Amino acid sequence: MTTPPRLDVQNLQSFFFTRSGLIKAVNDVSFSINQGETLALVGESGCGKSMTALSLLRLLPAPGKIVGGEVFLDDRDLLRLPDIEMRRIRGNDIAMIFQEPMTSLNPVLKIGEQIAEVLRLHKGLSQKAALKQAAGLLTQVGISDPVRRLRDYPHQLSGGQRQRIMIAIALACDPKLLIADEPTTALDVTIQAQIMDLLLELKQQRQMTMLLISHDLGIVAGNADKIAVMYAGQIVEYGSIEKVFHNPLHPYTQGLLQCIPRLGQRHNLPTIPGQLPDLRKQLTGCLFLDRCSGPCAPCSKQMPQIKEIEPGHSVRCWRY
Amino acid sequence: MPLLEVKNLRKSFRMKNSLGRTSGQLIAVNDVSLNVKQGETLGLVGESGCGKSTTGKLILQLLHPDAGQVFFAGEELTGLSPKQMRPYRRRMQMIFQDPFSSLNPRMTIGEILREPLQIHRLAPARQLRERVVDLLERVGLSAEHELRYPHEFSGGQRQRVGIARALAVEPQLIIADEPVSALDLSVQAQILNLLQKFQREQGLSYIFIAHDLAVIEHVSDRIAVMYLGKIVELTNAQELYKNPRHPYTEALLNAVPTPDPGHPRPAALKGEIPSPIDPPTGCYFHPRCPYAETICRQQEPLLENISEDHCVACHFVSRVGRYLFKK
Ligand SMILES: Nc1ncnc2c1ncn2[C@@H]1O[C@H](COP(=O)(O)OP(=O)(O)OP(=O)(O)O)[C@@H](O)[C@H]1O
Ligand SMILES: Nc1ncnc2c1ncn2[C@@H]1O[C@H](COP(=O)(O)OP(=O)(O)OP(=O)(O)O)[C@@H](O)[C@H]1O
Ligand code: SF4
Ligand SMILES: [Mg+2]
Ligand SMILES: [Mg+2]
């Protein structure tokens, strides 16, 4: 008997209803993550990674709306829960590390207060016990002098320190599912390695499940089990990390892997020429068509569907 | 004469205890000296919290140093009044690390980019729109984005707006603080190529702060490595990668993750992370340094030239390199 996945997302669609038209930011996204597994979500800036993550938590900003799909956490469909229950799930079962720390930290509250609040609320600790545990969390995320640091306001911290405060807050409530949106963008590689070790430990010891959004393919390769590659609101390739890295099928994935800068490489960096299509336009063919290195006949006429090519490896492309 | 010369900059912040009284100080930038020539890129790397952003803000006089001097094109900036500083504001730009809080939430992107062009009279009124669209396209955005507000963008799109704004006023020096940290590889490469193109065409100089060593190596002529407020190594980019001479630089190079799932994950640096409020004695790196001996706990190593363009602050320069793994 196979156990059902911890998180199962089916045909998720989230659109922005703006003055200038409908933006299909998340357009028919499906993936699943088993307990204790890490799925990496990668893709071009603006392709819909953060909006996918926010949709799972039902925190999509206006004028965005989830217009379709299902999101199962174990056996509960999050998109159909009453608001109060959803609030309980956020924070208790699912925690999120937001992409921009400054937008989610409260600028007029000391960081100690902000972490302690989570611990009081979700773990029922006293203020004193909460502050003590908060200091421990700061040490775990590599912040020195934690007791003194708890008295700092967010603006007194460096970019990477703020990011680590966000990580500490997310981990404070011991989530079943962690959504980490670019969690290490402000961290040097040694602190980054320390944070990734901490996350791996939580995964191994507590079977934490993780959705990891990152454009750092080194981090993805070393920490994820599966990968979903997004383009213009859709998943274009999906599979185990080994399969996708060693045998990328979609031309976007192939291009992306060729862009990896390596130490010691000084010449002009390769890019994928062109840019994301205007998400408001009604496009009939493949969304990657304009940038594709080898389109074929059906590409301009019909949108390809995602198709399993070999067990555990799917692609959305007419070439296969 | 270098375009920018920074001498012995120092900045501390006062720390308060729970009663609100001053209790000790945090030395964020500690005796930093560097220079940048016209058309040159100086990379700045170091541990999170080591003082990189503070150094950038001190250079632009957005923060006032406790001590030290900043010279731009031969003029001393330290001590200038805000009014005297004004002509320099356009010539020196900063791309801020946190794009969201540096963009006015009540202005559309078009307005954000138009404003500096108008203030500095860089384009006649009828060409403004064209210039704005051109800037957007250069950073991989398009005219469709002109009427949107900052919150209507993704993280990486906002970061590119910050870059477009800095480039808009045709500065001589840009301090770019993690300018591509939120960008996927293809867009990142596109932006780096763009910054380098501007440099070739206009002789722009950059101070480039980034944590991605492959990026830093690619764009920089010289690289300064900071640790706990001080520069510990400074040399040209190739030398730094091939022949790191400070144990912290070596640890950084070893911690770069490899984009290949079969590869072992890099190891984190061992030892407790020191506090800038109570820095260790002697060499600040000694509690985590695999080469440390007694002298390291007692005496601070000075930043010294080991060759013409390679400075290092370490008592055991000649031993370092032993633990560097070749990738
Ligand atoms: N409030 C909004 N109104 C209109 N469009 C929006 C809004 N928020 C986001 N978008 C658009 O939705 C698309 C998806 O955005 P999202 O933040 O999910 O991208 P992302 O993949 O996380 O990118 P990045 O890597 O740059 O963070 C983008 O094209 C963005 O411009
Ligand atoms: N306004 C402030 N008040 C008190 N301390 C501050 C203030 N600004 C910065 N600091 C402290 O100064 C030190 C250096 O901060 P800075 O932002 O320069 O680091 P950084 O090298 O840019 O780090 P990161 O890579 O994480 O962005 C940090 O320990 C930070 O907490
Ligand atoms: S001086 Fe000593 S402790 Fe400091 S880096 Fe060199 S060997 Fe290590
Ligand atoms: Mg995002
Ligand atoms: Mg910084």
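Residues numbered from 1 in each chain as written. Chains lettered and ligands numbered in written order. Predicted model: local features only at pLDDT ≥ 70, side-chain atom pairs only at ≥ 80, totals over all residues. Heavy atoms only, no water.

Chain B has the name Peptide/nickel transport system ATP-binding protein in an unreviewed UniProt entry, where Desulfuromusa kysingii is given as its organism. Chain B has a UniProt comment under Sequence similarities (unreviewed entry) that states "Belongs to the ABC transporter superfamily." (UniProt positions renumbered as here; feature names shortened; annotations may be inferred.)

Where an unreviewed UniProt entry is consulted, chain A appears under the name Peptide/nickel transport system ATP-binding protein, with the organism given as Desulfuromusa kysingii. The record held by UniProt for chain A lists under Subcellular location (unreviewed entry) the comment "Cell inner membrane". Under the UniProt heading Sequence similarities (unreviewed entry), the note attached to chain A is "Belongs to the ABC transporter superfamily."

Chemist: Could you give me a rundown of the coordination of the magnesium ion (ligand 4), with the residues and numbers involved?
Modeler: Each donor-metal-donor angle would ideally measure 109.5 degrees in four-coordinate tetrahedral geometry, or 90 or 180 degrees in six-coordinate octahedral geometry. Residue and element names in this part refer to chain A. Within the protein, the atoms that donate to the magnesium ion (ligand 4) are Ser-50 (OG) and Gln-99 (OE1), at distances of 2.0 to 2.2 Å. Here Ser-50, found in helix H1 (residues 49-56), pairs with Gln-99, found in the loop between strand S6 (94-97) and helix H3 (101-104); they are 49 residues apart in sequence, far enough to count as distant. Each member of the pair Ser-50 and Gln-99 is classed as buried. (Donors = N, O, S within 2.8 Å, 3.2 Å for Na, K, Ca; no water. Helix = DSSP H or I, 4+ residues; strand = E, 2+ residues; numbered from the N terminus. Buried < 20%, exposed > 50% of the residue type's maximum accessible area, 1.4 Å probe, protein only.)

Chemist: Lay out the site of ligand 2 with the relevant residues and their values.
Modeler: In the vicinity of ligand 2 there are 21 residues, among which Ser-158 and Gly-160 of chain A together with Gly-49, Lys-52 and Thr-54 of chain B approach most closely. One chain alone does not account for the residues near ligand 2; they come from chains A and B. A distance of 2.9 Å is found between an oxygen atom of ligand 2 and a backbone nitrogen or oxygen belonging to Gly-51 of chain B. Here ligand 2 has 640 Å² of accessible area as a free molecule, and 91% of this is covered by the chains. When residues of the shell around ligand 2 are traced back to their parent elements, those giving at least two are helix H7 (159-172) of chain A together with strand S2 (22-36) and helix H1 (52-59) of chain B. In terms of residue class, the shell around ligand 2 is built from seven nonpolar, 12 polar and two charged. (Near = heavy atom within 4 Å. Polar contact = N/O pair within 3.5 Å; in protein donor to acceptor, adjacent residues only side chain to side chain. Areas by Shrake-Rupley, 256 points an atom, 1.4 Å probe, with all protein chains shown as cover. Nonpolar A, V, L, I, M, F, W, Y, C, P; charged D, E, K, R; others polar.)

Chemist: Could you give me a rundown of the sheet that holds strand S11 (residues 307-310) of chain A, with the residues and numbers involved?
Modeler: Residues and elements named next belong to chain A. Strand order in the open sheet formed by eight strands is S6-S7-S8-S3-S9-S10-S12-S11, with mixed pairing between adjacent strands. This sheet does not close on itself; its edge strands, each paired only once, are S6 and S11. The sheet shows a mean angle of 20 degrees between the axes of neighbouring strands, taken without regard to direction. Pairing between strand S3 (residues 38-43) and strand S8 (residues 209-213): four bridges, direction parallel. Bridge pairing links Thr-38 to Met-210 in S8. Across the sheet, H7 is in contact with S6 and strand S7 (177-181); its angle to S6 comes to roughly 180 degrees. (Pairing = 2+ DSSP bridges. Axes fitted to C-alpha atoms, helices over the stretch in contact; angles between N-to-C directions. Contact = heavy atoms within 4.5 Å.)

Chemist: Give me the lowdown on the sheet that holds strand S3 (residues 41-46) of chain B, citing residues and values where you can.
Modeler: Residues and elements named next belong to chain B. Taken together, eight strands build an open sheet; the order of strands is S6-S7-S8-S3-S9-S10-S12-S11 and the sheet is mixed. Where the open sheet ends on each side, the last strands, each with one partner, are strand S6 (92-95) and strand S11 (304-307). Each adjacent strand pair in this sheet contributes to an overall mean axis angle of 20 degrees, direction not counted. Taken together, the five bridges between strand S7 (residues 173-177) and strand S8 (residues 205-209) define a ladder with parallel strand orientation. What sits directly across from Ile-175, in S8, is Ile-207. Of the strands in this sheet, S6 and S7 are in contact with helix H6 (residues 155-168), which crosses S6 at around 180 degrees.

Chemist: Before we move on, can you summarise the packing of aromatic side chains with the specific residues and values?
Modeler: Under the definition given, this model contains eight aromatic pairs over all chains. For the pair Tyr-231 of chain A and Phe-288 of chain A, a centre-to-centre distance of 5.0 Å together with 90 degrees between the ring planes defines the contact as edge-to-face. On the criterion of sequence distance, the pair formed by Tyr-231 of chain A in strand S9 (residues 226-231) and Phe-288 of chain A in the loop between helix H11 (251-258) and S11 is long-range, its members being 57 residues apart. Judged by relative accessible area, which is 1%, Tyr-231 of chain A ranks as buried. Owing to a relative accessible area of 3%, Phe-288 of chain A belongs among the buried residues under this scheme. Where Tyr-227 of chain B meets Tyr-248 of chain B, the ring centres are 4.9 Å apart and the plane angle is 50 degrees; that geometry is what we call tilted. (Phe/Tyr/Trp six-rings, centres within 6.5 Å; stacked < 30°, edge-to-face > 60°.)

Chemist: Could you give an account of the side chain of Thr-249 of chain B, naming the residues involved and the relevant values?
Modeler: Turning to its location among the elements, Thr-249 of chain B is positioned in helix H10 (residues 247-254). If we skip the residues at most four places from it in the chain, Thr-249 of chain B touches Val-225, Glu-233, Leu-240 and Pro-244 of chain B.

Chemist: So what's going on with the site of ligand 1? Residues and values would help.
Modeler: Neighbouring residues of ligand 1: 20 residues in total, closest Gly-46 and Ser-50 of chain A together with Arg-148, Ser-154 and Gly-156 of chain B. The environment of ligand 1 is shared, with nearby residues belonging to chains A and B. One of the side-chain N or O atoms of Ser-154 of chain B is found 2.7 Å from an oxygen atom in ligand 1. A distance of 3.3 Å separates an oxygen atom of ligand 1 from a polar backbone atom of Gly-155 of chain B. Considered on its own, ligand 1 offers 640 Å² of accessible surface; in the complex 98% of this is hidden by protein. Partitioning the shell around ligand 1 into residue classes produces six nonpolar, 11 polar and three charged.

Chemist: Report on the domain arrangement of chain B, specifying residues and quantitative values.
Modeler: All names here are of chain B. Taken as a whole, chain B is organised into domain 1 (4-220) and domain 2 (244-327). When each unit is reduced to the centre of its C-alpha atoms, the spacing between domain 1 and domain 2 is 28 Å. Across the contact, nine residues belong to domain 1 and nine residues belong to domain 2. When residues of domain 1 are sorted by the area they lose upon contact with domain 2, Leu-26, Glu-47 and Leu-213 head the list and together hold 56% of the total. Inspection of the domain 1/domain 2 interface yields one salt bridge. The shortest N-O distance in the salt bridge between Arg-288 and Glu-47 comes to 3.0 Å. On the surface where domain 1 and domain 2 come into contact, there are four residue pairs in polar contact (both at pLDDT 80 or more). Where the side of domain 1 that touches domain 2 is concerned, the elements lending two or more residues are S2 and S3. Here the side of domain 1 that touches domain 2 is composed, by residue class, of five nonpolar, three polar and one charged. (Domains from an automatic or database assignment. Buried area = accessible area lost by both parts, 1.4 Å probe. Salt bridge = Lys/Arg side-chain N within 4 Å of Asp/Glu carboxyl O.)

Chemist: Give me the lowdown on the coordination of the magnesium ion (ligand 5), citing residues and values where you can.
Modeler: Residues and elements named next belong to chain B. On the protein side, the magnesium ion (ligand 5) has Ser-53 (OG) and Gln-97 (OE1) as donor atoms, found 2.0 to 2.2 Å from it. Here Ser-53 is found in helix H1, whereas its partner Gln-97 is found in the loop between S6 and helix H3 (99-102), with 44 residues between them in sequence. The exposure class of Ser-53 is buried, given its relative accessible area of 18%.

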